[in-house]
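Notes for the structure review
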Amino acid sequence: MYSMYQHTLLGAYINAIILLFLQRVLLLVASDVDALCACKILQALFQCDHVQYTLVPVAGWQELETAFLEHKDQFKYFVLINCGANVDLLEILQPEEDTFFFVCDSHRPINVVNVYNDTQIKLLVKQDDDLDVPAYDDIFREEEDEEEDSEDEGDGSEPSEKRRRFEEEVIERTMNRRQRREWEARRREILFDYEQYEYHGTSSAMVMFDLAWIMSKDLNDMLWWAIVGLTDQWVQDKITQMKYVTDIGILQRHVSRHNHRNEDEENSLSIDCMRIAFEYDLRLALYQHWSLYESLCNTSYTSASLKLWSVQGQKRLQEFLADMGLPLKQVKQKFNSMDVSLKENLREMIEESANKFGMKDLRVQTFSIHFGFKNKFSASDIVYATTSLMENIEKEGHETTNFIKALDSLSRGNLDKLHQGLDLAKKQLRAIQQTVASCICTNLVISQGPFLYCSLMEGTPDVKLFSKPVSLCLLSKYLLKSFVCSTKNKRCKLLPLVMAAPMDVEQGTVIMVGIPPETESSDKKNFFGRAFEKAAESTNSRTLHNHFELSIIELKTEDRSKFLDALISLLS
């Protein structure tokens, strides 16, 4: 079921974990919802076993290095969640030999040194995750040949009787060097193929839940966090539809096991009671906490399909509502206040009309959670709320404050924080939708040849929000979806998008993200990480590759044009 990649024995895996549970541990957690959910599960496991730990949020590589340097004398055991797998950790951190890293990270590909160093680095990976790692002998070899070469240097003046022996050695050494050059060329090719694309494996929260399950310590709360972690990958468009549906199926079996419906009804109404249910729900963001109208307008799928940025699109929205037979007054009031008779068959009514308007994927497999009688949330509600709390720009607090608030909102005792997150999420979705509309209406998306490019100017409404990585990625994905629906140019429909937004005006930097093409069969693999590195190298552009997602970089504004020129020629 599970392995440290090298070990196929469950025993070896569990032994490593038991070792971890006997130590003081430093938790280094990335700033994404899946990482927060994995962290909550691990915290719950640590509390069960009274493990002492310290939690440090890390938003990028610099913070990770700083946190390690500050704590390396007090801790020997480090757990990295959604960070650390896709670089050579030992090279970056230069740890002592008695320091151990447990890495639970969905970023792929995993760096080959991390895979094959099983003494200091323990990868927490699901065994059925196909890592596709090159064979050890194809990328590592002993350095003996070089030593022999250096020992024999300067032996040119041999006596005549040794001439033949010497010639044989020369031939042998030449052969060895040629073989070595061929091997190195092949190695470069293998590593290039392996490292070329960035993508995501199983959600870290699911991996942590599996760990809890193996240890027979899985609780319904942990299962909910695993569901939210997976849903985060789906909302952020990090995994394929196939992967999402497969993982939903795995979690569904656990949900059936944990949520029997045979408890007495009395108990199911108490606020302390929590019930998770599988359901086919509407792909409409936050609609149960908003009005149906607002949700239709601010969900990327419906907004792009109906082209709501245009007058024609607004007309189609009115026709769509009329086709469902829903009065505008009902559609525009809060979902909770709608007539009960309308709400009963709402999903069926919407789906039927959506099919006529070309929206065939409005139904999605997901889970919802009920706290007591009144509180019901879908998994995507929690993802939007938690993301918004984490990237909140309204209160200029320290980023750690946002991280802790977001983490707290995942506990069911903190419904007030969750509701605060839902309000922020509505503002964020409105800001994204308005920005998409203005980019399309003012033709800000331009074709650069091998990719589309869009740059937000300083002074654009809500531009500060888009200096945050997750918000910028969501905006980019929504914009590409909408652009593909709006353009008549067939070639442009197949292109990836590079998007830039002002990062720090005083320092003159922009944040830039690259996202893969928006196609039905997309494997969600992203080649921009490596391309950004090469373009920066070849032009000496001042860039900062600090994000755990390699396809997000920071760049000096005045270096932007030469960087883009290099990127165009690299990808042409």
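Residue numbers here run from 1 along each chain, matching the order of that chain's written sequence. Only residues with pLDDT of at least 70 get local features here, since the model is predicted, and only at 80 or more are side-chain atom pairs given and counted; chain-wide, interface and lining totals rely on the full set of residues. Side-chain numbers come from the whole structure's heavy atoms, not from hydrogens or water.

Taking an unreviewed UniProt entry as the reference, the chain is identified by name as Cell division cycle 45 belonging to Ficedula albicollis. UniProt positions are given in the numbering used here, feature names are shortened, and annotations may be inferred rather than shown by experiment. In its Sequence similarities (unreviewed entry) section, UniProt records this for the chain: "Belongs to the CDC45 family." On record in UniProt, under Subcellular location (unreviewed entry), the comment for the chain is "Nucleus".

**Side note on unusual backbone geometry**
Following Arg108, the chain continues to Pro109 via a peptide bond in cis, the omega torsion being 0°. When you line up the elements, Pro109 lands in the loop between strand 6 (107-108) and helix 5 (112-116). Here Ser216, not a glycine, exhibits a phi torsion of approximately 55°, which is positive. Helix numbers and strand numbers start at the N terminus; a helix is a DSSP run of H or I with at least 4 residues, a strand a run of E with at least 2. Mapping Ser216 onto the fold places it in the loop between helix 9 (204-214) and helix 10 (220-235). Backbone geometry places Asn540, a non-glycine residue, at a positive phi of 55°.

**Focus on the pairing of strand 5 (residues 100-104)**
Of all the five residues making up strand 5, four are buried; the element is thus mostly covered by neighbouring parts of the structure. Whether two strands pair comes down to DSSP finding at least two bridges between them. In this structure, strand 4 (residues 77-81) lies alongside strand 5, joined through five bridges in parallel fashion. In the sheet register, Tyr77 faces strand 5, and the bridge partner there is Phe100. Buried, partly exposed and exposed residues are distinguished by accessible area as a fraction of the type maximum, computed with a 1.4 Å probe on protein chains only: under 20%, between the cut-offs, and over 50%, respectively.

**Comments concerning the pairing of strand 15 (residues 497-504)**
Along strand 15, six of the eight residues are buried, which leaves the element largely enclosed by surrounding structure. When strand 14 (residues 452-455) meets strand 15, the two strands line up parallel, connected through four bridges. Considered in strand 15, the bridge of Cys454 is made with Met499. Here is how to tell: hold the view so the strands point away, follow the path from the first strand over the helix to the second, and if it runs clockwise the crossover is right-handed. Tracing the backbone out of strand 14, into helix 22 (residues 469-486) and back to the parallel element strand 15 gives a crossover that is right-handed. Examined bridge by bridge, strand 15 and strand 16 (residues 509-515) share seven bridges and lie antiparallel to one another. Looking across to strand 16, one finds that Asp504 is bridged to Thr509. Where strand 15 folds back onto strand 16 in an antiparallel hairpin, the turn is made up of four residues, including Gly508, whose phi is positive at roughly 65°.

**Things to note about the packing of helix 2 (residues 33-48) against helix 9**
Where helices are involved, their axes are fitted lines through C-alpha atoms of the stretch in contact, as for all axes, and angles between N-to-C directions lie from 0 to 180°. Orientation of helix 2 relative to helix 9, taken along the N-to-C sense of each, is 20°, at an axis distance of 7 Å. Viewed along their axes, helix 2 and helix 9 adopt a mutual orientation that is roughly parallel. The way helix 2 lies across helix 9 gives a crossing that is left-handed. Residues Asp34, Cys37, Ala38, Ile41, Leu42 and Leu45 of helix 2 touch helix 9, and the partners they reach there are Ser204, Ala205, Met208, Phe209, Leu211 and Ala212. Of the residues contributing to the contact of helix 2 with helix 9, the split by class is 10 nonpolar, one polar and one charged. Here the angle decides the label: under 35 degrees means roughly parallel, over 145 means roughly antiparallel, 65 to 115 means roughly perpendicular, and every other value means oblique. A clockwise turn of the near helix away from the far one marks a right-handed crossing, whereas an anticlockwise turn of less than a right angle marks a left-handed crossing. By the convention used here, residues are in contact when the closest approach between their heavy atoms is within 4.5 Å. Amino acid classes used here: Ala, Val, Leu, Ile, Met, Phe, Trp, Tyr, Cys and Pro are nonpolar; Asp, Glu, Lys and Arg are charged; the rest, including Gly, are polar.

**Focus: helix 20 (residues 399-409)**
Residues of helix 20 that are buried: Asn402, Phe403, Ala406, Leu407 and Ser409. The arc that holds every buried residue of helix 20, seen down its axis, measures 160°, which confines them to one face. In this fold, the buried residues of helix 20 make contact with strand 2 (25-30), helix 2, strand 3 (53-58), helix 19 (379-390) and helix 21 (415-441). Think of it as the arc spanned by the lines of direction from the helix axis to the C-beta atoms.

**Brief notes about the domain arrangement of the chain**
Under the domain assignment used here, the chain contains domain 1 (219-430) and domain 2 (444-571). If you average the C-alpha positions of domain 1 and of domain 2, the two centres end up 28 Å apart. Between domain 1 and domain 2, the residue contacts involve 20 residues of the former and 18 residues of the latter. Taking both partners together, domain 1 and domain 2 bury about 1900 Å²; carbon and sulfur atoms supply 56% of that area. When a carboxyl oxygen of Asp or Glu lies within 4 Å of a side-chain nitrogen of Lys or Arg, that pair is called a salt bridge. Inspection of the domain 1/domain 2 interface yields two salt bridges. With a closest N to O distance of 3.0 Å, Lys524 and Asp237 form a salt bridge. Domain delimitation follows an automatic or database domain assignment. Once two parts are brought into contact, the accessible area they lose, counted with a 1.4 Å probe and summed over both, makes up the buried area.

**Examining the sheet that holds strand 10 (residues 274-282)**
Ordered by their spatial adjacency, three strands build an open sheet running 10-11-12, and the pairing between neighbours is antiparallel. What marks the edges here is a single partner per strand, and that holds for strand 10 and strand 12 (375-378). Strand-to-strand, the axes of this sheet are offset by a mean angle of 30°, without reference to chain direction. When strand 11 (residues 363-371) meets strand 12, the two strands line up antiparallel, connected through four bridges. From the neighbouring strand, Phe371 faces strand 12, where its bridge partner is Asn375. Of the strands in this sheet, strand 11 and strand 12 are in contact with helix 19, which crosses strand 12 at around 80°. Across the face of the sheet, helix 21 comes into contact with strand 11 and strand 12 while running at roughly 50° to strand 12.

**Here we look at the pattern of salt bridges**
Tallying each qualifying case throughout the model produces 22 salt bridges. We note a salt bridge from Asp323 to Lys356, for which the minimum N-O separation is 3.2 Å. With Asp323 in helix 15 (residues 311-324) and Lys356 in helix 18 (residues 346-356), this residue pair connects regions lying 33 residues apart in the sequence. Asp323 sits in the partly exposed class, given a relative accessible area of 33%. Its salt-bridge partner being Lys481, residue Glu518 comes within 3.5 Å of it at the nearest N-O pair. A residue pair is termed long-range when its members are at least 10 positions apart, and Glu518 in the loop between strand 16 and helix 23 (528-539) and Lys481 in helix 22 qualify at 37 residues. Given a relative accessible area of 25%, Glu518 falls into the partly exposed group. The class for Lys481 is buried, based on a relative accessible area of 18%.

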